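# Summary of structural features
Okay, here's what each chain looks like letter by letter:
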Amino acid sequence: DQQDEDQATENTNTLPADSHTMKGGDGPLSYAKNSSFQRVVVDATKKMIDEVIVDKLDIEIIASSDVFRIADLGCSVGPNTFIAVQNIIESVANKLHNHRPRNSDAADHLVFQVYFNDYATNDFNLLFRSLPPSRRYFAAGVPGSFYGRLFPTKAIHFMHSSSCLNWLSRVPPEVGDRHSPAWNKGRIYCTGIKEEVTQAYAAQYKEDMKIFLDGRAKELVGGGLLVLSFGGVPDGVPLCQVPLGKFNTVLESSLLDMAKKGLVSEEIVDSFNLPLYYPSTKELEAMINENGHFIIEKLEAIVWPLAHIVQDLGKWASHTRAGFEALIKNHFGDEIVEEFFEYYTKKLVESRFMFQEDDDGNILLLVVLKRNQTQQP
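What you see is a predicted model; the values in this text were computed from it and never measured.

## Some thoughts on helix H11 (residues 313–332)
An ideal rise of 1.5 Å per residue puts 28 Å on 20 residues; H11 reaches only 24 Å between its terminal C-alpha atoms. A bend of about 55° at Phe324 is the largest found in H11. Trailing H11 by a residue or two, Gly333 shows a phi angle of about 100°, which is positive.

Below, the structure written as structure tokens:
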């Protein structure tokens, strides 16, 4: 309809800068070669997705169309997106097969259409070159931020996003304003300690999540599912006290050391803040309920001890670079990138305290939402 056309045009004209994009290509420092920790999240959610499709996805949604449409939001360049999509397809096909008469071949004839979404600056060329040759789905790329509309109304049956919803659409302007009470001088992320900074980040996250949920509510069919997995913090615990926050503190101290040595200016470090936020379960639940377009089928916080995942700190540094290099380059310029990540890697190796075996501060949020059929988007 005209509203969809207007929204599509608006999204095309307001595509974000490339600072949110993971490092493209397939070189040794690329995201494609440095995303095995995100793969752990995909693997961890496989059983949940299978159970959700069996228990919560209405068979009528599968059987009522010859084409089952899946969207992976924040797909990056692979290979994790292909694994996640394959898990979904296998579960949907199995559900249809189990609900059909034995002599029916409906599951074999169901057509799957998969939409891979990410920023327009994502390396879609690599993504398409890497598509599994024996896939059982048609593939298409959808450029644009998921903080806005991506698809026509009621176009998608199942949406998935993994390790993406901690990224904000922008850094809250107040935290970079030296005249604001929320100025985040000397810090580069939302530590959870300074109240004004935390409020600014929380307000930005709430605004972004409303836009995200409103968009998905329009795009999903009634009863369609939205499955999300991303990082969080325990209720009442500031991010700087959990290992994910401590990683950011190491990034921060690396930049401050470079400023002390005159390699970058203190002013430019003070103006740099990560566009990342980690909500608590209580915070997220309140946002979803306030939105009203979805029924919460599952909202679980599982302990995610990094000591069991991160065995090689040098490898973790490479993963961090794959995700953050564009941010550093965009703010500080190309010339400091190599030296900065050398500082960061050295400091990371010196900070093994963050990998204590009993550290249970990291939380992985697993969220399953069903499009509320009684609420109009």
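## Some details on the environment of Ile295
Looking at where Ile295 falls in the secondary structure, it is placed in strand E6 (residues 294–303). Looking at Ile295, the relative accessible area reads 39%, which means it is partly exposed. When the C-alpha positions of Ile295 and Leu225 are compared, they lie 9.6 Å apart, and in sequence the two are 70 residues distant. In contact with Ile295, not counting residues within four places along its chain, are Val368, Leu369, Lys370 and Asn372.

## As for the side chain of Ser161
Within the fold, Ser161 resides in strand E4 (residues 156–162). According to the relative accessible area criterion, Ser161 is buried, its value standing at 2%. A distance of 3.0 Å separates the side chain of Ser161 from the backbone oxygen of Leu73, its partner in a polar contact.

## Points about the sheet that holds E6
Reading across the sheet, the seven strands line up as E3-E2-E1-E4-E5-E7-E6 and stay open at both edges, with mixed pairing between neighbours. Only two strands of the sheet have a single partner each, and these edge strands are strand E3 (137–143) and E6. In this sheet, neighbouring strand axes are inclined to one another by 15° on average, regardless of whether the strands run parallel or antiparallel. Both strand E1 (residues 67–73) and E4 contribute to a ladder of three bridges, which runs parallel. Of the residues in E4, the one forming a bridge with Ile70 is Phe158. Running over the sheet, helix H10 (residues 281–291) touches strand E5 (220–232), E6 and strand E7 (363–371) and is turned about 170° from E6.

## Structural notes on unusual backbone geometry
A negative phi angle characterises most non-glycine residues, just as the trans form characterises most peptide bonds. The residue Lys154 is not glycine, and still its phi comes out positive at about 55°. The residue Lys154 is located in the loop between E3 and E4 in this model. Residue Ser163 is not a glycine yet carries a positive backbone phi of 60°. Within the element layout of this structure, Ser163 appears in the loop between E4 and helix H7 (195–219). Judged by its relative accessible area of 28%, Ser163 falls in the partly exposed class.

## Brief notes about the pattern of salt bridges
Pairing between side chains of opposite charge can happen when the charged atoms of each approach one another. In this structure the tally under the stated criterion is 14 salt bridges. The salt bridge involving Asp214 is made with Lys210; its shortest N-O contact spans 2.7 Å. Residue Asp214 and its partner Lys210 are both found in helix H7; the two are separated by four residues, about one turn of the helix. The exposure class assigned to Asp214 is buried, which follows from its relative accessible area of 17%. Note that Glu338 is salt-bridged to Arg321, the shortest N-O span being 2.6 Å. In this pair, Glu338 is assigned in helix H12 (residues 337–349) and Arg321 in helix H11, connecting sequence segments 17 residues apart. Given a relative accessible area of 47%, Glu338 falls into the partly exposed group.

## Let's talk about the confidence of the model for the chain
For the chain, per-residue confidence averages 85 on the pLDDT scale, and 82% of positions sit at 70 or higher. Across residues 4–17 the pLDDT falls below 50, and counting only partners more than four positions away or on other chains, this stretch makes 12 contacts in the model.

## What about the pairing of E1?
Of all seven residues that make up E1, five are buried, and the element is covered over most of its length. Pairing analysis gives seven bridges linking E1 to strand E2 (residues 111–118), with the strands arranged parallel. Note on E2: the bridge partner recorded for Ala71 is Tyr115.

## Concerning the environment of Val175
Mapped onto the elements of the fold, Val175 is located in the loop between E4 and H7. In this view, Val175 contacts Ala182, Trp183, Asn184, Val197, Ala200, Tyr201 and Asn273; residues no more than four positions away in its chain are not counted.

## Here's the deal with the packing of aromatic side chains
This model, assessed by the stated rule, comprises 11 aromatic pairs. Consider the rings of Phe68 and Phe112, whose centres lie 6.0 Å apart with planes at 70°: the pair is edge-to-face. With Phe68 in strand E1 and Phe112 in strand E2, the pair connects residues that are 44 residues apart, well separated along the chain. The same class applies to Phe68 as to Phe112, namely buried. Ring geometry for Phe146 versus Phe212: centroids 5.4 Å apart, planes at 80°, classification edge-to-face. Here the residue Phe146 occupies a position in the loop between E3 and E4, and Phe212 occupies one in helix H7, the gap between them amounting to 66 residues. Judged on exposure class, the residue Phe146 and its partner Phe212 are both buried. Counting every residue linked through ring pairs, the aromatic cluster contains Phe82, Phe116 and Tyr137.

## Re the nonpolar core
Formed by 40 residues in total, the largest nonpolar core has its most connected members in Phe151, Leu165, Phe212 and Leu226. Looking at this core, the elements with two or more residues in it are E1, E4, H7, E5, H10, E6 and E7. The element that contributes the greatest number of residues to this core is H7, accounting for nine residues. Leave out the neighbours within four places in its chain, and Phe151 touches Ala71, Leu73, Tyr115, Val142, Ile156, Met159 and Glu219. Leu239, Leu255, Ile328 and Phe341 belong to the second-largest nonpolar core, a separate cluster that totals 35 residues.

Reading the values: rules and limits
- Along each chain, the written sequence defines residue order, and numbers are assigned to residues from 1.
- Selection of residues for local features in this predicted model requires a pLDDT of at least 70, selection of side-chain atom pairs for listing and counting requires 80 or more, and totals for whole chains, interfaces and linings are taken over all residues.
- Only hydrogens and water are set aside when side-chain values are computed; all heavy atoms of the structure are taken into account.
- Numbering goes from the N terminus for both helices and strands, where a helix is a DSSP run of H or I of at least four residues and a strand is a run of E of at least two.
- What a helix is expected to span follows from its residue count: subtract one and scale by 1.5 Å.
- What we call the bend at a residue is the angle made by axes fitted to the seven residues finishing there and the seven residues starting there.
- Each residue is assigned to one of three classes by its accessible area relative to the maximum for its type, calculated with a 1.4 Å probe on protein chains only: buried under 20%, partly exposed between the two thresholds, exposed over 50%.
- Whether two residues touch is decided by their heavy atoms; if any such pair falls within 4.5 Å, the residues are in contact.
- Distance and chemistry together define a polar contact, namely a pair of N or O atoms within 3.5 Å, with one atom able to donate a hydrogen and the other to accept it when in protein, and with adjacent residues in sequence counting only for side-chain atoms on both sides.
- Think of it this way: DSSP has to see at least two bridges between two strands before they count as a pair.
- Here an axis means a line fitted to C-alpha atoms, over the contact stretch when the element is a helix, while the angle between two N-to-C directions is reported on a 0 to 180 degree scale.
- Think of a salt bridge as a Lys or Arg side-chain nitrogen and an Asp or Glu carboxyl oxygen that are within 4 Å of each other.
- Known as pLDDT, the predictor's per-residue confidence is scaled from 0 to 100.
- Ring pairs are drawn from Phe, Tyr and Trp, using the six-membered ring of Trp, whenever the two centres fall within 6.5 Å, and their geometry is named by plane angle: stacked under 30 degrees, edge-to-face over 60, tilted for the rest.
- Residues enter a nonpolar core if they are buried and are Ala, Val, Leu, Ile, Met, Phe, Trp, Tyr or Cys, with the set joined through side-chain atoms within 4.5 Å.

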